[in-house]
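Fold and contact review
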Amino acid sequence: MANIPLRNGGPAARIAVIPGDGIGKEVTPEAVKVLRAVAAAGKRALEFVEFDWGADKYLREGVSLPAGAVEMLRDEFDAILFGALGDPRVPSNQHAADILLGLRFKLDLYVNARPVELLHERLTPLRDRKEQDVRIMVVRENTEGLYVGIGGFFKKGTADEIDKSNAMTFAHDLWQRVFQEVRQEYADIESRHLYIDTLAMEIVRDPRQFDVIVTCNLFGDIISDLGAQLAGGLGLAPSGNIHPGRTSLFEPVHGSAPNIAGKGIANPLGSVLTAGMLLEFLDWKAEATAVHSGVKEALFKNYLTPDLGGAKKTTEVGDWLAERVAKSLVP
Ligand SMILES: NC(=O)c1ccc[n+]([C@@H]2O[C@H](COP(=O)([O-])OP(=O)(O)OC[C@H]3O[C@@H](n4cnc5c(N)ncnc54)[C@H](O)[C@@H]3O)[C@@H](O)[C@H]2O)c1
């Protein structure tokens, strides 16, 4: 379980649902199905409002993130359940940048929590690793770094144009200073600094070394995808874009997967685990645990989509999980 910062622990919550594009539209309804079952079984109130922001709307109306959307989400919702954005008809991916990066930046969702958790040992490509060996919370800085689109070129267009990106002295000096400062306050926590190339090697060689990895936006994106593969692939990886105490956005790590969209075979487990993180954020602990256990049971009973070796459809997995999770919550 992720143990993420909380919004509130109240009995009711309002959730904005943005399925997006491609398989986002297939997996998100399954996560909502499970959340509805959870709310009904636990006698809690969850209200869902769905928004059709994505490629279709962008192509039809030229609108990506509508005016006033950020303020509405911030003021009227506790959390956002997000699918994925990306459509071959929008090669620039402009709508995705406007909506997803727009929400991350404008809601100041500066923590991207991406748990890497091996839920069944057969899912890892690493030899002789057990479930407890791969359990890492990757905390990615989420609103700065290379994604802000601010910068310049060094000697562009001249014979001397060179790429200094592997040094990055200036970009990461602040991280080093803050890390050295903060670690003094937590002497009981073992901590060390690793360069990204070393981390990439070490996380594969022996993932047991790490409980938490804190890193910048770009490195976090890459390391958490690497981590996702160590724990069963993109179809299983959840994430939370969080501002502690404020409206936060939860999404599976995967994209819109145009190569399988519309076939009904997308794995909904990443989205369902994401819904579990959302429940943790609301401080609905028993419900969050029930969702997590339900996904684990699906893995152990092989009630799975083809990417994980099963033969079930997306909706079949969602139906099964909703029923299991509801049953486990009824005393
Ligand atoms: N947060 C986001 O919205 C987000 C994240 C990543 C990529 N994207 C966008 O998604 C589009 C496709 O990108 P991509 O192909 O690089 O990454 P992707 O995650 O969509 O797909 C990568 C591979 O993993 C498979 N896969 C992903 N999720 C799966 C699932 N739930 N079940 C079964 N298989 C799954 C896909 O079939 C594909 O083979 C692009 O437009 C990209 O920009 C969006």
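Please read these numbers as outputs of a predicted model, since none were measured by experiment.

1. Side note on the pattern of salt bridges
- Counted under the stated rule, the structure contains 26 salt bridges.
- Between E287 and R44 there is a salt bridge, and its shortest N-O distance comes to 3.1 Å. Here E287, found in helix α9 (residues 285-300), pairs with R44, found in the loop between α1 (24-42) and β2 (45-50); they are 243 residues apart in sequence, far enough to count as distant.
- According to the relative accessible area criterion, E287 is buried, its value standing at 6%.
- Taking relative accessible area as the criterion, R44 reaches 24% and is therefore assigned partly exposed.
- Two residues, R114 and D221, come together in a salt bridge whose shortest N-O distance is 3.4 Å. Here R114, found in strand β4 (residues 111-117), pairs with D221, found in helix α7 (residues 217-230); they are 107 residues apart in sequence, far enough to count as distant.
- In this structure R114 comes out as buried when scored by relative accessible area, which is 5%.
- A relative accessible area of 23% means that D221 is categorised as partly exposed.

2. Side note on the packing of aromatic side chains
- Under the definition given, this model contains four aromatic pairs.
- For the pair F51 and F77, a centre-to-centre distance of 5.9 Å together with 80 degrees between the ring planes defines the contact as edge-to-face. Linking F51 in the loop between β2 and α2 (55-61) with F77 in the loop between α3 (69-76) and β3 (79-84), this pair joins segments that are 26 residues apart in sequence. In terms of burial, F51 and F77 fall into one category: buried.
- Here a set of aromatic residues connected by ring pairs shows up, and it is made of F51, W53 and F77.
- A cation over an aromatic ring shows up here: K312 above the ring of Y303, its NZ or CZ 4.8 Å from the ring centre.

3. Topic: the pairing of β2
- In terms of strand pairing, strand β1 (residues 12-20) meets β2 through six bridges, oriented parallel. Looking at the pairing, V17 lines up with E50 of β2.
- In this view, the connection linking β1 to its parallel neighbour β2 by way of α1 has right-handed handedness.

What counts as what
Residues numbered from 1 in each chain as written. Predicted model: local features only at pLDDT ≥ 70, side-chain atom pairs only at ≥ 80, totals over all residues. Heavy atoms only, no water. Salt bridge = Lys/Arg side-chain N within 4 Å of Asp/Glu carboxyl O. Helix = DSSP H or I, 4+ residues; strand = E, 2+ residues; numbered from the N terminus. Buried < 20%, exposed > 50% of the residue type's maximum accessible area, 1.4 Å probe, protein only. Phe/Tyr/Trp six-rings, centres within 6.5 Å; stacked < 30°, edge-to-face > 60°. Lys NZ or Arg CZ within 6 Å of the ring centre and 35° of its normal. Pairing = 2+ DSSP bridges. Right-handed = clockwise from strand over helix to strand, strands pointing away.

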